[in-house]
Structure formats: C-alpha cells, structure tokens
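Fold and geometry: a report
So the chains spell out like this:
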Amino acid sequence: FLPGIVAAPEEGTIAAVCILHGSGDHKGAYTWWMVDALLAENIAVLLVDLDGHGENPRTQQFPAILEDVSAATDYLRERYRRVGVLGISLGGCIAARAVADGTPVDALVLMEAPPLLHFTRADMRREALALAHWPAMQVFRNTSVHQIADTWSTAPIRAAISTWDLIAALDLLGSVKRIQAPLFLLYGG
C-alpha cells in the first residue's frame, strides 16, 4: 500500500514522473508548482507518501523504504512509456539508492539530496530565515492557506530508524556512482 495522488494531462501523455518528498513532508507538501510545471510539459505526475510519512502506514526503515520507489515506478510503467523519478532531500537519497540497486527509470533528478545529515538548531534558524526571503516565498504562490496548515499539522515521522541514520545507510555518494540512468543533480543556496 503506497498512498499517492496522480495528476495527468487529459490525453496523449507518454511520460510520467514520481516525486518523492523530503523528511517530515508528505505527498501534498509544497510540490504543486512542480506538478504544474510537469503537467504543462504534458508529463503525468505521481506524488506518494514515503514510509513513515503522511498516510503511509508503514514505518520508516531501511531497506524496506526502497520498495516505495519500485512500487511507484512499477505503477507508472503500467501506464506510461517513459518513467522518471524526482527526489527531494531524503526522497532524493532514497531514489538514488533504489535506482542504483536496480529500479529501472528513464531519468532521475535529485534535488538537495544530502550525503550526510547534520541539522542543528542553528541550521533550523538559518532555514527559517531563508524561507522569509521573497525568492523562497514563491514556493507558496500556488499554495492555499489550507495546504500550508495541513503541511504544518502532519503527524511526526513513524520511524524504526532516524532520518540521520537512514540517510547514512542510503549512501548517496556510493549510490550516485552506480546509477546508469540519465541523472541531474540540483543544489542551491
């Protein structure tokens, strides 16, 4: 069971992308601008709740969380000729490891996927201040107050492994070396 939302253009779509959210997020958190951009390019989108997040009843654990990627891409392969994955932060680490371990994709995008996680209180303050700048606020332009409140009111992660330990176990740097599909790494400041 993998809770998801599919958004697809009305007809003629041959490609789809699964978006994997970051730690603490869920399938409806801050990704609508990406969905809109992909739909505008006639690409279908699948948003899922990773294990331990949102409506997914499974606990976050390794290596079971890799099954989320294969379940999502298998679902898309039944419906579309070309399938890609876009992973954000923790979702990028999970996607990279799953693809490196053999989950077939036609393309992979990793956004802000951390090789290691060291997130201190100072980092939290810096991130909060960064979100207050106008360019960062653009992520909210297609988001309703209800969606923001829903994102902030989600239940805590249900985990058998901490996000720090999970990211270390996923071994992003080792995974990236083994990926055969076209790969785009996106990092910013």
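The structure this text deals with has already been given above.
So, a few notes on the structure that sits alongside this text.

Before going further, it helps to examine the nonpolar core. Ranked by internal contacts, the top residues of the largest apolar core, which has 34 residues, are C18, L20, V85, I94 and L108. Taken together, the elements giving at least two residues each to this core come down to strand 2 (15–20), strand 3 (43–48), helix 2 (67–77), strand 4 (82–88), helix 3 (90–100), strand 5 (107–111) and helix 7 (163–170). Element by element, the count of residues in this core is highest for helix 3, at 8 residues. Excluding its chain neighbours within four sequence positions, the residues that come into contact with C18 are L46, V48, A72, L76, G84, V85 and L86.

On to helix 2, then. For helix 2, the set of buried residues is D68, V69, A72, T73 and L76. All buried residues of helix 2 fall inside an arc of 120° around its axis, so they share one side. Looking at the buried residues of helix 2, the elements they touch are strand 2, strand 3, strand 4 and helix 3.

Okay, the sheet that holds strand 5 next. Pairing is mixed in the open sheet, where 6 strands are placed in the order 1-3-2-4-5-6. The strands lining the two open edges of the sheet, one partner per strand, are strand 1 (4–7) and strand 6 (183–186). Each neighbouring strand pair of the sheet contributes to a mean axis angle of 15°, computed without reference to strand direction. As paired elements, strand 5 and strand 6 share 4 bridges and run parallel to each other.

About the criteria used
- Residues numbered from 1 in each chain as written.
- Predicted model: local features only at pLDDT ≥ 70, side-chain atom pairs only at ≥ 80, totals over all residues.
- Heavy atoms only, no water.
- Core = buried A, V, L, I, M, F, W, Y, C linked by side-chain atoms within 4.5 Å.
- Buried < 20%, exposed > 50% of the residue type's maximum accessible area, 1.4 Å probe, protein only.
- Helix = DSSP H or I, 4+ residues; strand = E, 2+ residues; numbered from the N terminus.
- Contact = heavy atoms within 4.5 Å.
- Arc of directions from axis to C-beta.
- Pairing = 2+ DSSP bridges.
- Axes fitted to C-alpha atoms, helices over the stretch in contact; angles between N-to-C directions.

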